[in-house]
Amino acid sequence: MKPSSGSSEPALCLLGVLALLLCPPRVHGCSSYPRVKHGHVREITKRASRMSWVTYECDEGYKLVGVAKIPCPVSKWSPAVPQCKALCLKPRIPNGRLSVEKEQYVNPETITVQCDPGYRMVGSQNISCSENKIWSPEVPKCEKEVLEGHEMILAGREMILAGHEMILAGKNLLNCLPNPQDTKMALELYKLSQEIKNLEKKRDEEKEPI
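Keep in mind that this is a model prediction, so the values were computed, not measured. (Residues numbered from 1 in each chain as written. Predicted model: local features only at pLDDT ≥ 70, side-chain atom pairs only at ≥ 80, totals over all residues. Heavy atoms only, no water.)

**Re the environment of Ser52**
Logical step 1: Of note, Ser52 is situated in strand β2 (residues 52-58).
Logical step 2: Of the residues examined, Ser52 reaches a relative accessible area of 7% and is grouped as buried.
Logical step 3: For the pair Ser52 and Cys72, spaced 20 residues apart in the sequence, the C-alpha separation amounts to 5.3 Å.
Logical step 4: Setting aside residues no more than four positions away along its own chain, Ser52 makes contact with Thr45, Lys46, Ile70, Pro71, Cys72 and Trp77. (Helix = DSSP H or I, 4+ residues; strand = E, 2+ residues; numbered from the N terminus. Buried < 20%, exposed > 50% of the residue type's maximum accessible area, 1.4 Å probe, protein only. Contact = heavy atoms within 4.5 Å.)

Right, here's the structure in full:
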């Protein structure tokens, strides 16, 4: 005798109930919350309606960008998961100024550096806050600017002072000598000593590494 089709309905219904109990459908909640780089979950809340809420916060040195608390009303976390962006401290540049002045900057923010009048920039003018919380490229420096002819003037002044000292030394030496023959010999010795000094200086310069 074949069983009637109606007799199988209670068994199928029982199997359906067991499947719902053992394997609840995902539409009633999210199985796991999204991870956030440089951040962590501070709190997870579950309500009787099976809706889950998760609250994020960032590690030290990072700033939360987006909504900190997001729900999972059905099977998807919404709105979008926030991000933890790196924070860079304000660069200190003596004799220079920044295009944007504040104490902290958020990755990937870029600023422009300008030197004060009379100073020249050494390094890149534009720097960006990187993900590892440092400025890239390296923070530039503002160094004192030297005019092209100024160095030559300084060098000429030093030569004049050196020549003046040599003249004074020669006069003092002549005053100490008794006769012209001794004076001539002293001048020859002095000339020879200067040549030796120049040769030693040239030798030392050749020894210096390039």
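**Quick word on the side chain of Ser130**
Logical step 1: Structurally, Ser130 is set in the loop between β10 (126-129) and β11 (135-136).
Logical step 2: A polar side-chain atom of Ser130 sits 2.3 Å from a polar atom in the side chain of Asn132.
Logical step 3: When sequence neighbours within four positions are dropped, the list of residues in contact with Ser130 reads Ala86, Cys88, Asn107 and Ser136. (Polar contact = N/O pair within 3.5 Å; in protein donor to acceptor, adjacent residues only side chain to side chain.)

**Some thoughts on the packing of aromatic side chains**
What characterises a pair of aromatic rings is the spacing of the ring centres plus the angle enclosed by the ring planes.
Logical step 1: Within this structure, the stated rule accounts for one aromatic pair.
Logical step 2: Here the aromatic rings of Tyr105 and Trp135 are separated by 5.3 Å at their centres, their planes lie at 70°, and the arrangement is edge-to-face. Of this pair, Tyr105 sits in strand β7 (residues 104-106) while Trp135 sits in strand β11; the two residues are 30 residues apart in sequence, bridging distant segments of the chain. For the pair shown, Tyr105 and Trp135 are each scored as buried. (Phe/Tyr/Trp six-rings, centres within 6.5 Å; stacked < 30°, edge-to-face > 60°.)

By themselves, these figures tell us nothing about what the structure is for.
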